[in-house]
Amino acid sequence: MSVKINYSNNKTGKSSLNQVLFVNEKFNINGLQKHLNKSEFSYIKDILKKNDLKKNLLTFELNSKKEIVLVSIKNNLKNSDIENLGAELFVRINNVKKNEYIINSDSISSKNVNFLGFLLHGLKLKSYEFKKYKTKKETKTLSIIIVGTKNKPSAQSQLKFKALEEGTFYARDLVSEPGNILHPDEYAKRLASLRKDGLKINIYDKNKLKKLGMHALLGVGQGSVRGSYLVTMEWNGAKKKSRPLAFVGKGVCFDTGGYSLKPAKFMEDMTYDMAGSAAVVGLMKNLAIRKAKINAVGVVGLVENMVSGNAQRPGDIVKSYSGKTIEILNTDAEGRLVLADALTFTEKKFKPKFIIDLATLTGAIIVCLGSEYAGLFSNDDNLSNQIFNAGENIQEKVWRMPLHKNYDKLMNSKNADVQNINYVGGAGSTTAAQFLQRFIINKTPWAHLDIAGMAFSKYGGALNSGGATGFGVRLLNQLVEENYE
């Protein structure tokens, strides 16, 4: 379902249309008399005496054409609580046949001046669906009209919410696309189109990558008939030429595992193995749309890990962009190879304040943290704390995991500088992060987010209805807003 929100200049008053009104946590409706006629007010007041007032929403069918939805505003709601309330409201009004609702902003009594903005933001995020390839198109549009003279979000706030929604939805769209459509060639073309948003886009194809010496990234993609790419997206929103914030994403558009072939039941979901890159793209789009007052760069490595006569073999040794050699013991540990070249390139070319990479990197992080937290690994306590706090505030949560020099011995190779997997067993996510840390050459503050358990939800979450979540876009935007703008 599509959602259309319009702000009306009409003053508040009694309406013959479906209405959403707001009350306190005790469902006291005395302040709503000016929004309801006498019979409606009496009817609702009588029903409330017999109802469960522990709920967040109560619905009253007044007749076949009109319903009233009462939304309870509890005390001390966080912004994320308000967003969840908006999502709950969407689920409620989406399950009925009515297509138009009036939200009366004058009935809102909250200390949060942006209550309505967060509510609508949660509602919009929950409304997302990916039905591009359904032959039977659903034409239903939910129209929401905001009336009243108070509590409306400012134009600046509306722009910020709109940018964040567009960035998140763009990331979700990318993750939702099937591998036969969003292969590396098509992905690179789509990123080129983001120039219209004000981003500076540079695309490094296979020939340029060979000249640069990115053989770790190229090795992953060499078995595919599709190209391999590194794409940079730059946003320069600061007045002074300050060092940028850098975000790096794994973009494995489809992952068979290569010769270390995945079982079929694990392979079918591997269209979302590029979710780390999608989060970086969505973030950069968001920053450009809202004209964030920072300098930032997004870097994504785009490859396809396939099986062919030209595919990388277990036992191969490749030379990375950093100059370090890597022994490939398992071709399904491919994401770290893409990131190894991307991380060193980002650090060397852009000299950023920090680097944060995102990747659906290991199944081990799902064993450890499930689908509640992303794994956070970092060489910098301050950056780690900033990411953790942003995650708590926006409810895209992360949990810090250990890095330690003692894990290095598990990744040391007898035949090269490093091997790409720990065959001793255990600490799968940590040893993967330990591998990545070796390609941060100049001690730049760095954090790695393993989002394997967060990028895709088969059952849906608070702000998504199942499928691609866009995890990371809102988290990193919050990090930027809280600490760097």
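All residue numbers refer to position in the chain's written sequence, counted from 1. In keeping with the model being predicted, local features are shown solely for residues with a pLDDT of at least 70 and side-chain atom pairs are shown and tallied solely at 80 or more, while totals for entire chains, interfaces and linings include all residues. Side-chain numbers here rest on the full set of heavy atoms in the structure, without hydrogens or water.

Visitor: How should the overall build of the protein chain be read in this particular structure?
Guide: Regarding its fold elements, the protein chain presents 14 helices and 19 strands. For a compact globule the rule gives 2.2 Å times the number of residues to the power 0.38, and the radius of gyration it is set against comes from C-alpha atoms. Against the globule reference of 23 Å for 485 residues, the protein chain gives a C-alpha radius of gyration of 25 Å, in line with a compact fold. By principal-axis analysis of the C-alpha atoms, the protein chain measures approximately 85 × 50 × 40 Å. Burial classification: accessible surface area is computed with a 1.4 Å probe over protein chains only, and a residue below 20% of its type maximum counts as buried, one above 50% as exposed, and the rest as partly exposed. Scored against the burial criterion, the 485 residues of the protein chain give a buried share of 57%. Note on definitions: a residue-residue contact is assigned when non-hydrogen atoms from the two residues lie within 4.5 Å. Counted over contacts in the protein chain with a minimum sequence separation of 6, partners at least 24 positions apart contribute 78%. In this description, accessible areas are obtained by the Shrake-Rupley approach with a 1.4 Å probe, and a residue is regarded as covered only by the protein chains that are shown. Put simply, the protein chain shows about 21,200 Å² of open surface, and 50% of that area lies on carbon and sulfur atoms. Positive charges come from Lys and Arg alone, negative charges from Asp and Glu alone, with His and the N- and C-terminal ends not counted. To locate a charge, the coordinates of NZ of Lys, CZ of Arg, CG of Asp or CD of Glu are taken. The average position of the 70 basic charges and that of the 45 acidic charges among the side chains of the protein chain differ by 5 Å. Runs of E in the DSSP output that reach at least two residues are strands. Runs of H or I that reach at least four are helices, and both are numbered from the N terminus.

Visitor: Looking at this structure, I do not really get the packing of aromatic side chains. What am I missing?
Guide: Within a pair of aromatic rings, the relevant descriptors are the distance that separates the centres and the angle that separates the planes. Stacked, edge-to-face and tilted labels apply to pairs of Phe, Tyr and Trp rings (six-membered ring for Trp) whose centres lie within 6.5 Å, assigned for plane angles under 30 degrees, over 60, and everything in between, in that order. The full count for this structure, using the stated rule, is 13 aromatic pairs. Here Tyr-373 and Trp-399 contribute two aromatic rings whose centre-to-centre distance is 5.6 Å and whose plane-to-plane angle is 75 degrees, an arrangement assigned as edge-to-face. A residue pair is termed long-range when its members are at least 10 positions apart, and Tyr-373 in the loop between α11 (364–369) and β14 (374–378) and Trp-399 in strand β15 (residues 398–400) qualify at 26 residues. Judged by relative accessible area, Tyr-373 falls into the partly exposed class, the value being 24%. Each member of the aromatic cluster is reached from another via a ring pair, and the members are Tyr-204, Tyr-321, Phe-345 and Phe-350.

Visitor: Explanation requested: the pattern of salt bridges in the structure shown.
Guide: Two side chains bearing opposite charge may form a pair once their charged atoms approach each other closely. Every case where a carboxyl oxygen of Asp or Glu lies within 4 Å of a side-chain nitrogen of Lys or Arg is listed as a salt bridge. Tallied over the entire structure, the rule returns 22 salt bridges. Arg-190 is the partner of Glu-177 in a salt bridge, and the nearest nitrogen-oxygen pair spans 3.2 Å. Of this pair, Glu-177 sits in the loop between α4 (155–176) and α5 (184–192) while Arg-190 sits in helix α5, and the two are 13 residues apart along the sequence. Three or more residues joined by partner-sharing salt bridges are found here, namely Lys-132, Glu-177, Glu-186 and Arg-190.

Visitor: For this particular structure, what's the right way to read the nonpolar core?
Guide: Generally speaking, a soluble globular protein has its nonpolar side chains buried in company with each other. Throughout, nonpolar core names a set of buried Ala, Val, Leu, Ile, Met, Phe, Trp, Tyr and Cys residues whose side chains join them through atoms within 4.5 Å. Core analysis: the largest hydrophobic core is formed by 57 residues, its most contacted members being Tyr-187, Phe-247, Ile-356 and Ile-387. Tallying contributions element by element places helix α9 (residues 275–289) first for this core, with nine residues. The contact partners of Ile-356, leaving out residues within four places of it in the chain, are Ala-246, Phe-247, Val-248, Leu-383, Ile-387, Ala-447, Leu-449, Leu-476 and Leu-479. If you look at the next biggest cluster of nonpolar residues, it comprises 37 residues, including Leu-209, Val-220, Leu-339 and Trp-446.

Visitor: Would you mind going over the pairing of strand β8 (residues 229–236) with me for this structure?
Guide: Along any regular strand, the residues point their side chains to alternate faces of the sheet. Counting buried positions over the eight residues of β8 gives seven, a clear majority of the element. As judged from the five bridges shared by strand β7 (residues 200–204) and β8, these two strands associate in the antiparallel manner. Within β8, the position partnered with Tyr-204 by the bridge is Leu-230. In terms of strand pairing, β8 meets strand β10 (residues 295–305) through eight bridges, oriented antiparallel. The partner of Thr-232 across the bridge, within β10, is Val-299. Paired strands are those between which DSSP finds at least two bridges.

Visitor: Would you mind going over the sheet that holds β8 with me for this structure?
Guide: Backbone hydrogen bonds are what pair the strands of a sheet, in a parallel or an antiparallel way. Here we have eight strands laid out as an open sheet, ordered β7-β8-β10-β9-β13-β17-β14-β15, and mixed in their pairing. Bordering the open sheet on either side are β7 and β15, each of which pairs with just one other strand. With direction set aside, neighbouring strand axes in the sheet form an average angle of 20 degrees. Across three bridges, the pairing between β14 and β15 is parallel. Residue pairing across strands places Leu-376 opposite Arg-400, the latter belonging to β15. For helices, the fitted axis covers only the stretch in contact; all axes are lines through C-alpha atoms, and the angles between them, taken along N-to-C directions, range from 0 to 180 degrees.

Visitor: Whenever I open this one, the pairing of β10 confuses me. Can you help?
Guide: In terms of burial, β10 is a largely internal element, eleven of the eleven residues being buried. Both faces of β10 are covered, namely the face carrying Asn-295, Val-297, Val-299, Gly-301, Val-303 and Asn-305 and the face carrying Ala-296, Gly-298, Val-300, Leu-302 and Glu-304.

Visitor: How should the packing of α4 against α9 be read in this particular structure?
Guide: The description of two helices packed together rests on the angle between their axes and the distance between the axes. Closest axis-to-axis distance for the α4/α9 pair is 8 Å, and the angle between their directions is 155 degrees. Between α4 and α9, the angle falls in the class roughly antiparallel. Both α4 and α9 take part in a crossing whose hand is right-handed. The residues of α9 that touch α4, namely those facing Leu-159, Ala-163, Leu-164, Glu-166, Gly-167, Tyr-170, Ala-171, Leu-174 and Val-175, are Ala-275, Ala-278, Ala-279, Val-281, Gly-282, Lys-285, Asn-286 and Ile-289. When grouped by side-chain class, the residues that make up the contact of α4 with α9 number twelve nonpolar, three polar and two charged. When an angle is under 35 degrees it counts as roughly parallel; over 145 it counts as roughly antiparallel; between 65 and 115 it counts as roughly perpendicular; any other value is oblique. Crossings are classed by handedness, with left-handed meaning an anticlockwise turn of the near helix from the far one by less than a right angle and right-handed meaning a clockwise turn. Amino acids are sorted into nonpolar (Ala, Val, Leu, Ile, Met, Phe, Trp, Tyr, Cys and Pro), charged (Asp, Glu, Lys and Arg) and polar (every other residue, Gly among them).

Visitor: Sorry if this is basic, but what is going on with the side chain of His-183 here?
Guide: Structurally, His-183 can be placed in the loop between α4 and α5. His-183 sits in the buried class, given a relative accessible area of 12%. Beyond its immediate chain neighbours, meaning those up to four positions away, His-183 contacts Arg-226, Cys-253 and Glu-304.

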